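These are the residues of each chain, in order.
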Amino acid sequence: MNGKTWWEWVFVATIAVLYVIKPSRGKAVVTALFRDIRPEVWVSDMLGSQRGHGVLWQVWLAHLLRDAKFAIEDGDTSFSAPFRRLLLRAVAIGRRRETLRDTTLAQHLYDLGRRLDRIISMAPTGDAGHKLHKRILANRAHLFVFMTRRDVPATNNVSERHLRPSVIFRKVTNGFRCEWGTETYAAFRSVVSTAKANHASVYDTIRFVLSSKRPDVTMVAVG
């Protein structure tokens, strides 16, 4: 924005999507936006500003898979390699949730926890491996929330899809020249993405929002 780096936040819920563009990627952006609202499950990466906003927290496994791969390339095969295989196993099970019973998912969750205990007991090697090992020790309770919550994703694919139009827009326009532009674009993307999430006409939804009859909408973030 006007030659300076700003960050685009996208909050995706079941029937609503909210875009916010701010000059900060800090926790204050989220707390100022949602105040006392606490979704049942918050899905995000491990960035400090993303912590503590939901009752439960599901860590994006796609980012951990990337970090594990980096640690393996850095020389850690004792911890990071089996940990990466465990994450791939969890994601594969998650993709089959619709065909599995609740009791079966609970058994898978128990098995993943047992395997994780064994993997964590292995000593990592290399700086990247030690850093990853330390993060997993501190956040292991947030790895497999999606296993028994069918409405919770294990990866950030949905957020990446919603961010893609903005990435293209930035490449074409080279950003914004004023804060008014960021606010207008974020509002436009919010309306369009929310309309699509509800299988509604984008054109009709924009006309409705621009009319004098504007509904009161309560947004609850999921991730």
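Further up the page is the structure itself.
Residues numbered from 1 in each chain as written. Predicted model: local features only at pLDDT ≥ 70, side-chain atom pairs only at ≥ 80, totals over all residues. Heavy atoms only, no water.

Caption draft 1: Structural context of the overall build of the chain. Within the chain one finds 8 helices and 4 strands. The secondary structure elements of the chain, listed N-terminal to C-terminal, are β-β-α-β-β-α-α-α-α-α-α-α. By the burial criterion, 41% of the 223 residues in the chain qualify as buried. Put simply, of all contacts in the chain between residues at least 6 apart along the chain, 59% involve residues at least 24 apart. Entry remark: accessible area of the chain is about 13,400 Å², with carbon and sulfur atoms responsible for 56%. Treating the 35 positive side-chain charges of the chain as one cloud and the 19 negative ones as another, the clouds have centres 3 Å apart. (Helix = DSSP H or I, 4+ residues; strand = E, 2+ residues; numbered from the N terminus. Buried < 20%, exposed > 50% of the residue type's maximum accessible area, 1.4 Å probe, protein only. Contact = heavy atoms within 4.5 Å. Areas by Shrake-Rupley, 256 points an atom, 1.4 Å probe, with all protein chains shown as cover. Lys, Arg positive; Asp, Glu negative; His and termini not counted. Charge placed at Lys NZ, Arg CZ, Asp CG, Glu CD.)

Caption draft 2: Spatial organisation of the side chain of His 162. Mapping His 162 onto the fold places it in helix α6 (residues 157–173). The class of His 162 is buried, set by a relative accessible area of 18%. Ignoring anything within four residues of it in the chain, the contact list for His 162 reads Val 10, Val 12, Val 17, Tyr 19 and Ser 193.

Caption draft 3: The arrangement of the packing of helix α3 (residues 80–95) against helix α4 (residues 102–120) in detail. The geometry of α3 relative to α4 is characterised by a closest axis approach of 10 Å and an angle of 175° between their N-to-C directions. Relative to α4, the element α3 is oriented roughly antiparallel. Here α3 contributes Pro 82, Phe 83, Leu 86, Arg 89, Ala 90 and Ile 93 to the contact with α4, which in turn contributes Leu 105, His 108, Asp 111, Leu 112, Arg 115, Leu 116 and Ile 119. Across the contact of α3 with α4, the residue classes tally to 9 nonpolar, 1 polar and 3 charged. (Axes fitted to C-alpha atoms, helices over the stretch in contact; angles between N-to-C directions. Parallel < 35°, antiparallel > 145°, perpendicular 65-115°, else oblique. Nonpolar A, V, L, I, M, F, W, Y, C, P; charged D, E, K, R; others polar.)

Caption draft 4: Expanded view of the nonpolar core. In this structure, Leu 61, Leu 64, Phe 83, Ile 136 and Phe 144 are the most contacted members of the largest nonpolar core, which totals 42 residues. The greatest single-element share of this core, amounting to 6 residues, is contributed by α3. When residues no more than four places from it in sequence are discounted, the contact partners of Phe 83 are Leu 64, Ala 68, Leu 116, Ile 119, Leu 132, Ile 136 and Leu 143. Formed by 9 residues, the second largest nonpolar core is a distinct cluster that contains Val 10, Val 12, Val 17 and Tyr 19. (Core = buried A, V, L, I, M, F, W, Y, C linked by side-chain atoms within 4.5 Å.)

Caption draft 5: View of the environment of Ala 62. Within the secondary structure, Ala 62 is located in helix α2 (residues 61–73). Sequence separation of Ala 62 and Leu 87 is 25 residues, and the distance between their C-alpha atoms is 8.7 Å. Filtering out sequence-adjacent residues up to four positions away, Ala 62 remains in contact with Ala 154, Thr 155 and Asn 156.

Caption draft 6: The packing of aromatic side chains, seen in detail. This model, assessed by the stated rule, comprises 8 aromatic pairs. With 4.9 Å between their ring centres and 75° between their planes, Phe 11 and Phe 34 make a pair best called edge-to-face. Pair noted here: Phe 11 is in strand β1 (residues 7–12) and Phe 34 is in helix α1 (residues 27–34), with a separation of 23 residues, a long-range link. Pair check on accessibility: Phe 11 and Phe 34 agree, each one buried. On the numbers, 5.7 Å between centres and 50° between planes, the contact of Phe 176 with Tyr 185 is tilted. Neither residue differs from the other here; Phe 176 and Tyr 185 are each classed as buried. (Phe/Tyr/Trp six-rings, centres within 6.5 Å; stacked < 30°, edge-to-face > 60°.)

Caption draft 7: Local environment of unusual backbone geometry. For Asn 2, which is not a glycine, the phi torsion comes out positive at approximately 55°. If you trace the backbone, Asn 2 turns up in the segment before β1. Exposure remark for Asn 2: the relative accessible area of 55% places this residue in the exposed category. One non-glycine residue, Arg 35, lies in positive phi territory at about 50°.

Caption draft 8: The arrangement of the pairing of β1 in detail. Pairing of β1 with strand β2 (residues 17–22), which is carried by 6 bridges, proceeds in the antiparallel orientation. The residue bridging Trp 9 from the neighbouring strand is Val 20, located in β2. Connecting β1 to the next strand, β2, in antiparallel fashion are 4 residues. (Pairing = 2+ DSSP bridges.)

Keep in mind these numbers describe shape, not what the thing actually does.
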